[in-house]
Amino acid sequence: MTRGERRNLWIGLAFISPWIVGFLAFTVYPVAASVYYSFCDYDVLTKPIWVGTLNYRDMLTDRVFWQSLGNTFYFAAFALPLGLIISLLAAVLLNQSVRGRPVFRAIFFLPSLIPVVAASMVWLWILNGSFGLLNQALEWLHIRGPQWVADPKWTKPSLILMSLWACGNTVVIYLAALQDVPRSLYESAEIDGASAWVKFRHITIPMISPVIYFNLIMGIIGSLQVFAQAYVFFSGGGGPNRSALFYAVYLFQNAFEYRQMGYACAMAWVLFLIILALTWAATRSTRKLIFYAGE
Amino acid sequence: MRRLHRLLIYALLILGSITFLIPLLWMISTGLKPIEQTMSLPPTWIPYREVVGADGVVVKKIAPRWENFAKAIRAMKQFPRYLKNTLFLCLLTVIGTVLSSALAAYGFSRIEWRGRNRVFLLALATMMVPFPVTMVPMYCLFRWLGWIGTMKPLWVGSFFAGAFNVFLLRQFFMSLPKDLSEAARIDGCGEFRIFWQIILPLCRPALMVVGLFQFMFTWNDFMGPLIYLTKQEDFTLALGLQFFQSQQGGTEWHYLMAASTLVALPIILLFFFTQKTFVEGISMTGIKG
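Procedures and definitions
- Residues numbered from 1 in each chain as written.
- Chains lettered and ligands numbered in written order.
- Predicted model: local features only at pLDDT ≥ 70, side-chain atom pairs only at ≥ 80, totals over all residues.
- Helix = DSSP H or I, 4+ residues; strand = E, 2+ residues; numbered from the N terminus.
- Rg over C-alpha atoms; globule rule 2.2 N^0.38 Å.
- Buried ≥ 20, exposed ≤ 12 C-beta atoms within 10 Å, placed from the backbone.
- Contact = placed C-beta atoms within 7 Å.
- Domains from an automatic or database assignment.
- Nonpolar A, V, L, I, M, F, W, Y, C, P; charged D, E, K, R; others polar.
- Expected span 1.5 Å × (residues − 1).
- Bend = angle between axes of the 7 residues up to and from the residue.
- Core = buried A, V, L, I, M, F, W, Y, C linked by C-beta atoms within 7 Å.
- Pairing = 2+ DSSP bridges.
- Axes fitted to C-alpha atoms, helices over the stretch in contact; angles between N-to-C directions.
- Parallel < 35°, antiparallel > 145°, perpendicular 65-115°, else oblique.
- Left-handed = near helix turned anticlockwise from the far one by under 90°.

### Topic: the overall build of chain A
1) Next: If you tally the helices and strands in chain A, you get 14 helices and 2 strands.
2) Next: In terms of C-alpha radius of gyration, chain A reaches 24 Å, well past the compact-globule figure of 19 Å for 295 residues.
3) Next: With the C-alpha coordinates of chain A rotated into their principal frame, the extents come out at 75 × 75 × 35 Å.
4) Next: Across the 295 residues of chain A, 41% fall into the buried class.
5) Next: Sequence-distant contacts in chain A: of pairs separated by 6 or more residues, those separated by 24 or more amount to 68%.

Below you can see the structure in the form of structure tokens.
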């Protein structure tokens, strides 16, 4: 290394030093400690006691664990695909040249900005069994609405509904991608007499496929970790018959209510592995379908 | 055919707008009603007062109960404290995030040093670790430091450059021409001065995005305050609102909706004033993320 190179190295390290400290304190240490705790019995107050793989084995027989995992998959299995489709349709609509387009865009985006606690309050009120707006609207259509948040069958659909309402972020990401599709592709297709559906299916979808993939991966990561709305809806309790006890909520309960820090850490690592596996599966199964214009 | 097509687009856009707006309008409407009108069947959209007219006929006059807001604030007891705490945390985390991420991003983009790209890859890899994995050890660390029940765990971390923001700013820094720094270096300008006086002013839009998103994140954050705050006087608005709801058990919906409106309104206003930065920011995070 020349003197200049060495000087640059030190200056570079000096600039990134906030990141280095953060990396050591907020990533390296917690990740290592989390692995260790996951093999321990640990209640924070006394020293961790090594128990080997007990926490992981406990999970296999913990019915609540499996229920929370099932609830989370149920939520993700509906919220994720529905969210991807609805936001794509919304983005296509908002990409048309219509009058008042900025206003429409702002309106579609607005719900995703509302702080999740406030949004949960609003939805609790809308889904209220007796006076909620939704059931009154259904009544008007001569449908008897369910007790959304009190009936174990309907708690998860309630949360799915709310998550679909707040899909504005995904819409904006799609919209940005749609605006990048070259006009010339559509124009030449129109000369060949292609219909709107053909253009959508054979130009729009392939051109924005990398962004669909991106939203899919982000969606997997996000929907498996869903916490705040489920916690607020049922004041941390998981709802009737634990029907809305999601993985992250159960993990939180283990850590901060039952003080089973070791078990909580083991659950966190299992969640990480599930996310990795699903991301990998999604990547593999969509690899051939994604079209990168740059290549 | 073309006209029909356009008509359909407008119809769908209007339908979608109504669906997305109704919950918000319902929140505001409920927040302005007296309690008996919150439970009327069919629903009341516009709060009214019944007034006996000159001819003895009872007429409904539009009458929003603005006093609900004041009453909701009083019912929440510590509302001014919640607001103060939230603003305090927003201010500190925005300053911390913008400063530290800009510094780190500069080191990762505008200075050539050996191993830079490998270290940057490491930084990117940290984004994969989900929050629950580090949640417990972080809690234990802050407990060891005696910080549980204080606001420190909620802002100290922001001064240590999160990978995501570093990544965003780095993209932006790299798009600026190299000559800019070279010319300044030849003039004998120190690296920190180049950063502070030349590069940073040019990056204002990107810094705005990072700051804005951090503000929103801190304002909306629920899990962090839930884990670390133990005293009611330290609560943030998000935690305070949830606490209020779980305490009163959900009967006084008009106050709850007034309070929710108060928590949501600043974010909505912020959005309308910074719409352009916002949308640019999201597409920036989306495409290049």
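### Considering the overall build of chain B
1) Next: Of regular secondary structure, chain B possesses 15 helices and 2 strands.
2) Next: Taken over the C-alpha trace, chain B has a radius of gyration of 25 Å; the compact-globule value for 289 residues is 19 Å, which it surpasses by more than 25%.
3) Next: Across its three principal axes, chain B shows a C-alpha extent of roughly 90 × 65 × 35 Å.
4) Next: The contacts in chain B between residues at least 6 apart in sequence include a share of 75% that link residues at least 24 apart.

### Let's talk about helix 13 (residues 247–256) of chain A
1) Next: Counting buried residues in helix 13 of chain A gives 8 out of 10 residues, a clear majority hidden from the surface.
2) Next: For helix 13 of chain A, the complete set of buried residues consists of Y247(A), A248(A), V249(A), Y250(A), L251(A), F252(A), N254(A) and A255(A).
3) Next: Close packing links the buried residues of helix 13 of chain A with helix 4 (63–94), helix 11 (196–224), helix 12 (228–233) and helix 14 (261–286) of chain A together with helix 6 (131–144) of chain B.

### Some details on the domain arrangement of chain B
All names here are of chain B.
1) Next: You can read the domains of chain B as domain 1 (2–65) and domain 2 (71–288).
2) Next: In this structure, domain 1 and domain 2 have C-alpha centres spaced 37 Å apart.
3) Next: Across the boundary between the two partners, domain 1 contributes 8 residues, which contact 7 residues of domain 2.
4) Next: Here the side of domain 1 that touches domain 2 takes 4 residues from helix 1 (residues 2–31), the largest share from any one element.

### What to know about the interface of chain B and chain A
1) Next: In this assembly, 76 residues from chain B lie in contact with 72 residues from chain A.
2) Next: Ranked by residues supplied to the side of chain B that touches chain A, first place goes to helix 1 of chain B with 13 residues.
3) Next: Of the residues contributing to the side of chain B that touches chain A, the split by class is 52 nonpolar, 19 polar and 5 charged.

### A closer look at helix 1 of chain B
Given 3.6 residues per helical turn, the α-helix brings residues three or four places apart onto the same face.
Residue and element names in this part refer to chain B.
1) Next: Its 30 residues place the ends of helix 1 43 Å apart at the C-alpha level, agreeing with the 44 Å of an ideal helix rising 1.5 Å per residue.
2) Next: Considering bend angle alone, the principal kink of helix 1 is centred on L21 and spans about 40 degrees; proline P23 follows within four residues of it.
3) Next: When helix 1 is considered as a whole, its buried residues turn out to be L13, F20, P23, L24, M27, S29, T30 and G31.

### Things to note about the domain arrangement of chain A
1) Next: Considered domain by domain, chain A is made up of domain 1 (3–37) and domain 2 (62–289).
2) Next: Placing a centre on the C-alpha atoms of domain 1 of chain A and another on those of domain 2 of chain A gives a separation of 35 Å.

### A short note on the environment of S17(B)
1) Next: In this fold, S17(B) is placed in helix 1.
2) Next: Given 17 C-beta atoms within 10 Å, S17(B) falls into the partly exposed group.
3) Next: Sequence separation between S17(B) and Q197(B) is 180 residues, and the spatial gap between their C-alpha atoms is 45 Å.
4) Next: In contact with S17(B), other than residues within four places in its own chain, are F104(A) and I107(A).

### Some remarks on the nonpolar core
1) Next: Membership of the largest hydrophobic core comes to 155 residues, with the highest contact counts inside it found for V117(A), V171(A), V166(B) and A259(B).
2) Next: Per element, the largest residue contribution to this core is 12 residues, and it comes from helix 4 (residues 79–109) of chain B.
3) Next: Residues contacting V166(B), with those up to four places away along its chain left out, are W19(A), S101(B), A104(B), A105(B), F108(B), A123(B) and A161(B).

### Concerning the pairing of strand 1 (residues 48–52) of chain B
Residue and element names in this part refer to chain B.
1) Next: In terms of burial, strand 1 is largely open, as just 0 of its 5 residues are buried.
2) Next: Bridge count for strand 1 against strand 2 (residues 58–62) is 5 bridges, and the pairing is antiparallel. What sits directly across from V52, in strand 2, is V58.
3) Next: What sits between the antiparallel neighbours strand 1 and strand 2 is a turn of 5 residues, in which G56 has the positive phi angle 80 degrees.

### With respect to unusual backbone geometry
Residue and element names in this part refer to chain A.
1) Next: Residues other than glycine seldom take positive phi values, yet N241 does so here, at roughly 50 degrees.
2) Next: As for its position among the elements, N241 is in the loop between helix 12 and helix 13.
3) Next: Assessed through the 12 C-beta atoms surrounding it within 10 Å, N241 is described here as exposed.

### Some thoughts on the packing of helix 5 (residues 101–113) of chain A against helix 1 of chain B
The relative placement of two packed helices comes down to the angle between their axes together with the axis-to-axis distance.
1) Next: At a minimum axis distance of 9 Å, the contact between helix 5 of chain A and helix 1 of chain B shows a crossing angle of 40 degrees. Classified by the interaxial angle, the pair formed by helix 5 of chain A and helix 1 of chain B is oblique. For helix 5 of chain A against helix 1 of chain B, the interelement crossing comes out left-handed. Residues F104(A), I107(A), F108(A), L110(A) and P111(A) of helix 5 of chain A touch helix 1 of chain B, and the partners they reach there are L13(B), G16(B), S17(B), F20(B), L21(B) and L24(B).
2) Next: Here the residues of the contact of helix 5 of chain A with helix 1 of chain B sort into 9 nonpolar, 2 polar and no charged.

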